[in-house]
Amino acid sequence: ANNAEHNERLREEASALRKHRHQNVIEIFEDVEINGLAGFTMDRAGDKTLAQRLRSEGRLHLELLERFGEELIQTVRHLEQVGIPHRDIKPDNIGVRPFGKNNTLGIVLFDFSLCRTPLDNVRAGTAPYLEPFLSQRKPPRWDVYAEHYALAVTLYEMATGKLPRWGDGQSDPALLSEEVTLQSEYFDPDLRQGMVQFFGKAFRRDYRERFDNCDEMLRAWRGVFEQAERAPEITGTGEESDRVAALETATVNTQVILLGLSTRA
């Protein structure tokens, strides 16, 4: 803690995380106190945050996008099951590090300093990941739909390298009447249709029209990539290619672009 007034919040954060272990949540080791300031030691979340990766490399390529997105949704689902809200999900609070013997890259969620914030505090968090419509709840209270909103903004940033926009992008979305403007040109072409459907639902102004829970969101996320695999390849003349025939007659000299496969394949 940088101030003794924050000692209790640090202890509560450590206590909450120590009770529940999950591969994609930062692991807490032991409590410490230095000159009257509370703290704790923890595992490393990686050498870079997801935010740093997005700033330096742009949107995630399809394989990482699918895997990181699924891991993040499953992590939020686990936290809901054990009753630990994060309340500040964003790329800056997500580390990227290798896992397992194969050093497969995965995500690690950290910084749970807001997990004990009272529900009637609807301003705790980070704009633009903090849902702007909480003040319209009756009564105004933070809820799991706000957690899913922050999750969706993070997924959108992973998929596009951009942030979602309402109206002119300058006004408070709560003061506008229109729904989100999805900049579909930033989605990978193979995923564009599915992504527009996914985020169109995830960002609805009325939380009752969004995904009901993380299970539903996870199924929809997986469906985006499954749909991309099944989508027919359209040739330059506007005709649907015969993928099966192209694969059966392919040789080592066949151009990959002629095989009718998706970018991910």
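Given the structure is predicted, the values throughout are model-derived calculations rather than measurements.

The helix and strand tally for the chain stands at seven helices and five strands. Taken from N to C terminus, the helices and strands of the chain fall in the order α-β-β-β-α-α-β-β-α-α-α-α. Seen through its principal axes, the chain has C-alpha atoms that stretch 75 × 50 × 30 Å. The burial tally for the chain puts 44% of its 265 residues in the buried class. Taking contacts inside the chain between residues at least 6 apart in sequence as the whole, the part at least 24 apart equals 61%.

Burial analysis of strand 4 (residues 94-99) places five of its six residues in the buried class, which makes it a mostly covered element. Two strands pair when backbone bridges link them, and strand 3 (residues 48-49) and strand 4 are joined in this way by two bridges, in the antiparallel orientation. For threonine 49, the partnering residue across the bridge sits in strand 4 and is glycine 95.

It is worth spelling out the nonpolar core at this point. In terms of nonpolar packing, the biggest core is built from 62 residues, with Leu65, Leu155, Met195, Phe199, Phe203 and Trp221 touching the most fellow members. Of all elements in the fold, only helix 1 (7-18), helix 2 (50-57), helix 3 (62-82), strand 4, strand 5 (104-109), helix 4 (144-160), helix 5 (192-202) and helix 6 (214-230) reach the threshold of two or more residues within this core. Looking at which element gives the most residues to this core, the answer is helix 4, with nine residues. Excluding residues within four positions of it along the chain, tryptophan 221 makes contact with Leu65, Glu66, Gly69, Glu70, Ile73, Leu155, Met195, Phe198 and Phe199.

On any regular strand, side chains alternate: one points to one face of the sheet, the next to the other face. Taken together, the six bridges between strand 4 and strand 5 define a ladder with antiparallel strand orientation. Bridged to phenylalanine 99 within strand 5 is threonine 104. Here strand 4 folds back onto strand 5 in antiparallel fashion, the turn holding four residues, of which glycine 100 has a positive phi close to 70 degrees.

So, about the side chain of arginine 53. Among the secondary structure elements, arginine 53 is positioned in helix 2. Looking at arginine 53, the relative accessible area reads 17%, which means it is buried. Setting aside residues no more than four positions away along its own chain, arginine 53 makes contact with Gly58, Leu60, Leu64, Val96 and Leu105.

When the pLDDT values of the chain are averaged, the result is 91; 94% of them are 70 or greater. Of all secondary-structure elements in the chain, the lowest mean pLDDT belongs to helix 7 (residues 243-248), at 78, while helix 4 reaches the highest, 98.

Turning to the packing of helix 4 against helix 5, a few remarks are in order. Between helix 4 and helix 5, the shortest axis-to-axis distance is 10 Å and the interhelical angle comes to 155 degrees. Taken as axis vectors, helix 4 and helix 5 run roughly antiparallel relative to one another. Considering only the axes of helix 4 and helix 5, their crossing is left-handed. The segment helix 4 lies against helix 5, with Ala152, Leu155, Tyr156 and Ala159 engaging Met195, Phe198, Phe199 and Ala202.

This part covers helix 1. End to end, helix 1 covers 17 Å across 12 residues, agreeing with the expected 16 Å (1.5 Å per residue, within 8%). Contacts from the buried residues of helix 1 go to strand 1 (28-34) and strand 2 (37-42).

Cut-off values and rules
- Residues numbered from 1 in each chain as written.
- Predicted model: local features only at pLDDT ≥ 70, side-chain atom pairs only at ≥ 80, totals over all residues.
- Heavy atoms only, no water.
- Helix = DSSP H or I, 4+ residues; strand = E, 2+ residues; numbered from the N terminus.
- Buried < 20%, exposed > 50% of the residue type's maximum accessible area, 1.4 Å probe, protein only.
- Contact = heavy atoms within 4.5 Å.
- Pairing = 2+ DSSP bridges.
- Core = buried A, V, L, I, M, F, W, Y, C linked by side-chain atoms within 4.5 Å.
- pLDDT = per-residue confidence, 0-100.
- Axes fitted to C-alpha atoms, helices over the stretch in contact; angles between N-to-C directions.
- Parallel < 35°, antiparallel > 145°, perpendicular 65-115°, else oblique.
- Left-handed = near helix turned anticlockwise from the far one by under 90°.
- Expected span 1.5 Å × (residues − 1).

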